[in-house]
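Observations on the three-dimensional arrangement
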Amino acid sequence: MKYISTRGGIQPINFKEAVMMGLATDGGLIIPENIPDVTNKLQAWKNLNFTDLAFEVISCFVDDINNDDLYDIVKRSYATFDHKDITPVVKAGNLHILELFHGPTQAFKDVALQFLGNVFEHILKEQGGQLNILGATSGDTGSAAIHGVRGKQNINIFIMHPEGKTSPIQAKQMTSVLDENVHNIAVAGSFDDCQSLMKGAFNDLDFKQKYHLGAVNSVNWARIVAQIVYYFWGHFQVSKSVEAKVSFSVPTGNFGDIFAGYLATRMGLPVDKLMLATNENNILTTFFTSGIYRRSEVCHTVSPSMDIQVASNFERYLYYFLNEDSVKLKETMQDFAQNNQIKLDCTGNHVDNLFESKSSPAMETYDTIKRYYQEYNYLLDPHTAVGVKVAEEFAINDIPVICLATAHPAKFPDAIEQSLGQDIARHPQLDKLQNAKTRCISLPNDLNAIKQIVSERA
Ligand SMILES: *Cc1c(COP(=O)(O)O)cnc(C)c1O
């Protein structure tokens with residue numbers, strides 16, 4: 001399998017190059033040259049365990065890592081999960097809940113970042129060299145990235161977070177990782193300041209090259225490919241036959257998770273609807289119901305990991321929507337950069353019949369958490385609750401709906417307390433953090449200070 005850019009400006013590259021490139025060098029996003037059709041493999045895949053299925057799915061996209069090594073990478077990536085099924089499916093009312101939060105940081109990002117960490121390590125071991133990952137986080141991604149590369153050879157990770165402004169649990173999940181290659185930096189400033197510092201470091205090309213800076217942002221192809229797996233898995237757990245259709249409801253931010261579902265569908269998985277659930281940040285809902293894609297201000301909500309302004313993976317979908325026409329895609333992206341808005345064809349209130357979309361605001365989210373706890377004794381986290389509410393809206397008879405559960409409720413005690421009047425969500429791993437030893441460097445909001453730490457410790 002070769003990879004190209006949505007904007008058509010790179011020569012075809014292989015999987016390992018795609019992973020190391022992250023964002024395509026022409027400013028586009030990396031996509032496979034063609035989407036494999038696996039329709040005739042579904043029957044054989046249906047009875048595999050998660051790890052074997054993950055290997056089969058990911059193999060379709062990788063031909064420059066030998067099978068033994070790839071199997072070993074996949075196996076180690078999911079050995080860190082605390083459930084034998086890795087991503088189990090449970091039932092709550094009429095809905096199926098695909099629990100993606102059994103990894104080391106209790107959020108779905110572990111599914112991709114455990115894999116990415118092992119792929120990075122494999123490539124660096126083989127090719128020599130070093131990688132210094134620099135990132136800025138307001139919470140979730142930073143801790144999943146740290147847990148993805150902790151203790152790995154030839155990799156350092158530097159994660160900046162705004163001092164005192166991430167939730168106490170999320171800060172602890174990062175700073176309690178004491179491996180020598182992990183460097184937490186608390187910046188005296190806001191999340192935006194952290195992001196500016198990161199951009200500043202990456203824009204200094206000499207510095208970037210000298211210290212082999214890399215990122216683990218949500219556009220890395222390895223993250224998408226790992227996320228395709230659980231759509232197949234989920235389908236196989238709930239449907240009677242491999243030909244029967246199911247729908248998925250996906251709480252969406254940067255469009256990475258649901259884009260993996262889109263690819264699974266294009267690969268031949270029978271899917272009726274992809275339900276794209278948003279919170280108050282509903283730019284994608286507006287798009288799928290009107291064809292208008294318009295930049296807007298970020299609004300802070302009770303489901304913070306879905307608080308986005310512009311979805312970084314959306315360009316991948318747009319490329320397929322525009323019939324894989326790079327020229328048209330480039331024009332459309334330029335148009336968006338200039339006017340902060342684009343308008344695409346929309347029939348009725350559907351841009352694409354595969355997608356349904358709706359936004360569920362905070363009051364509904366609290367209500368959904370309360371209802372599912374009272375009626376089904378199942379505790380939803382606020383992100384999953386957004387997806388569940390939207391699933392209820394679009395569910396139709398006889399087609400099972402699988403809601404992707406993207407975080408464990410104990411990560412969001414405030415939302416649980418707001419919904420139920422008390423904080424009853426518990427997770428043994430999170431309880432342990434209370435007394436955990438931590439390590440963190442405090443730095444001023446100053447690019448030189450950041451660069452100095454990287455140069456000393458890289
Ligand atoms: C990142 C995240 C999301 C959004 O996923 P995208 O791939 O950005 O659409 C939803 N829920 C949780 C808990 C997350 O961490």
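Calculation notes
Numbers given to residues run from 1 along each chain, matching the order in which its sequence is written. In keeping with the predicted nature of the model, local features appear solely for residues at pLDDT of at least 70, side-chain atom pairs appear and are counted solely at 80 or more, and the whole-chain, interface and lining totals rest on all residues. By convention in this description, side-chain values take in all heavy atoms of the structure and omit both hydrogens and water. Proximity criterion: a residue is near a molecule or strand once any of its heavy atoms comes within 4 Å of it. Polar contact is defined as a pair of N or O atoms within 3.5 Å, subject to the rule that within protein one atom must be able to donate a hydrogen and the other to accept it, and that residues adjacent in sequence are counted only when both atoms are side-chain atoms. Under the convention used here, a 1.4 Å probe and the Shrake-Rupley method define accessible areas, while residue burial counts only the protein chains that appear. Between buried and exposed lies partly exposed: a residue is buried under 20% and exposed over 50% of the maximum accessible area for its type, with that area taken using a 1.4 Å probe on protein chains only. Helix and strand labels come from DSSP, where a helix needs a run of H or I of at least four residues and a strand needs a run of E of at least two; each type is numbered from the N terminus. Contacts: residue pairs with any heavy atoms within 4.5 Å of one another. A pair of cysteine sulfur atoms is labelled a disulfide when the two atoms are within 2.5 Å. Strands pair, by our definition, only if DSSP identifies at least two bridges between them. Between N-to-C directions, angles cover 0 to 180 degrees, with each direction set by a line fitted to C-alpha atoms, over the stretch in contact for helices. Here the expected span of a helix is defined as 1.5 Å times the quantity of residues minus one. Throughout this description, the term nonpolar core refers to a set of buried Ala, Val, Leu, Ile, Met, Phe, Trp, Tyr and Cys residues connected via side-chain atoms within 4.5 Å. When the centres of two rings from Phe, Tyr and Trp lie within 6.5 Å, Trp using its six-membered ring, the rings pair. Their planes under 30 degrees apart give stacked, over 60 give edge-to-face, and anything left gives tilted. Salt bridges are identified by distance alone: a Lys or Arg side-chain nitrogen within 4 Å of an Asp or Glu carboxyl oxygen. Just so you know how the angles are binned, under 35 degrees is roughly parallel, over 145 roughly antiparallel, 65 to 115 roughly perpendicular, and the rest oblique. Note on residue classes: Ala, Val, Leu, Ile, Met, Phe, Trp, Tyr, Cys and Pro are nonpolar, Asp, Glu, Lys and Arg are charged, and everything else, Gly too, is polar.

Right, let's talk about the site of the ligand for a bit. Contacts to the ligand come from 15 residues, most closely from K109, D140, G253, N254 and T406. Contact distances for the ligand include 2.9 Å between an oxygen atom and a backbone N or O atom of D257. Within the complex, the protein chains bury 96% of what would otherwise be the 380 Å² of accessible surface of the ligand.

Attention now goes to helix α19 (residues 447-457). When we look at burial in α19, the residues that qualify are A449, I450, K451, I453 and V454. Of the surrounding elements, those touching the buried residues of α19 are β6 (155-162), β7 (182-188), α8 (191-203), α9 (205-210), β8 (213-214) and β15 (441-444). The N-terminus of α19 is capped by D446, whose side-chain oxygen sits 3.1 Å from the backbone nitrogen of N448.

Counted according to the given criterion, the structure contains zero disulfides. Free cysteine C194: the closest other cysteine sulfur is in C440, separated by 11 Å.

Strand order in the open sheet made by the five strands is β8-β5-β6-β7-β15, with parallel pairing throughout. The sheet is open, and its two edges are formed by β8 and β15, each paired on a single side. Bridge count for β7 against β15 is four bridges, and the pairing is parallel. By the bridge assignment, V187 is partnered in β15 with L443. The strands touched by helix α6 (residues 140-149) are β5 (131-136), β6 and β7; relative to β6, the strand with the most contacts, the crossing angle is about 165°.

Over its 13 residues, helix α16 (residues 382-394) runs 19 Å from end to end, which matches the ideal 18 Å to within 8%, given 1.5 Å per residue. Buried within α16 we find P382, H383, T384, A385, V386, G387, V388, V390 and A391.

Attention now moves to the pairing of strand β3 (residues 89-92). Where β3 meets strand β4 (residues 95-99), four bridges bridge the pair, whose relative direction is antiparallel. What sits directly across from V89, in β4, is L98. Counted between consecutive antiparallel strands, the loop separating β3 from β4 contains two residues, among which G93 sits at a positive phi close to 65°.

Another point: the nonpolar core. Membership of the largest hydrophobic core comes to 107 residues, with the highest contact counts inside it found for F15, F115, F232 and F255. The dominant element in this core, judged by the number of residues it contributes, is helix α10 (residues 221-238), at 13 residues. Judged by nonpolar contacts, the second largest core, of 25 residues, contains Y372, L380, I416 and L430.

Further remarks concern the packing of aromatic side chains. Going through the model one piece at a time under the given rule, you end up with 34 aromatic pairs. Here the aromatic rings of Y3 and F15 are separated by 6.4 Å at their centres, their planes lie at 55°, and the arrangement is tilted. Taken together, the positions of Y3 in strand β1 (residues 3-5) and F15 in helix α1 (residues 15-21) put the pair twelve residues apart, joining distant regions of the chain. Note on F255 and F355: the rings are 6.4 Å apart at their centroids and 20° apart in plane angle, and the pair reads as stacked. Here F255, found in the loop between β9 (246-251) and α11 (256-266), pairs with F355, found in strand β13 (residues 355-359); they are 100 residues apart in sequence, far enough to count as distant. Accessibility assignment for this pair places F255 and F355 in one class, buried.

Quick look at the sheet that holds strand β14 (residues 401-405) now. One open sheet accounts for six strands, arranged β3-β4-β14-β9-β10-β13; its pairing is mixed. Bordering the open sheet on either side are β3 and β13, each of which pairs with just one other strand. Here the strands of the sheet are splayed against their neighbours by 25° on average, with no regard to which way each runs.

Most of β5 is tucked away, with five of its six residues classed as buried. Both β5 and β6 contribute to a ladder of six bridges, which runs parallel. Among the inter-strand pairings, A136 is bridged to a residue of β6, identified as M160. Note: β5 against β8, two bridges, orientation parallel. Its bridge partner lying in β8, N132 is registered against L213.

Right, let's get into the pattern of salt bridges. All chains considered together, the criterion is met by 14 salt bridges. For E126, the salt bridge goes to K16, with nearest N and O atoms at 2.5 Å. Of this pair, E126 sits in helix α5 (residues 109-127) while K16 is found in helix α1, placing the two residues 110 residues apart along the sequence. E126 gets classed as partly exposed once you look at its relative accessible area, which sits at 44%. Taking relative accessible area as the criterion, K16 reaches 11% and is therefore assigned buried. Here R150 makes a salt bridge to D179, at a shortest N to O gap of 2.9 Å. Here R150 is found in the loop between α6 and β6, whereas its partner D179 is found in the loop between α7 (168-175) and β7, with 29 residues between them in sequence.

So, about the packing of helix α15 (residues 362-376) against α16. How two helices pack is summed up by the angle between their axes together with the distance between the axes. Contact geometry of α15 with α16 gives a least axis separation of 9 Å together with a crossing angle of 85°. Comparing their axes, α16 and α15 come out roughly perpendicular. Facing α15, whose interface residues are E364, T365, T368, I369, R371 and Y372, α16 presents P382, A385, V386, V388, K389 and E392. When grouped by side-chain class, the residues that make up the contact of α15 with α16 number six nonpolar, two polar and four charged.

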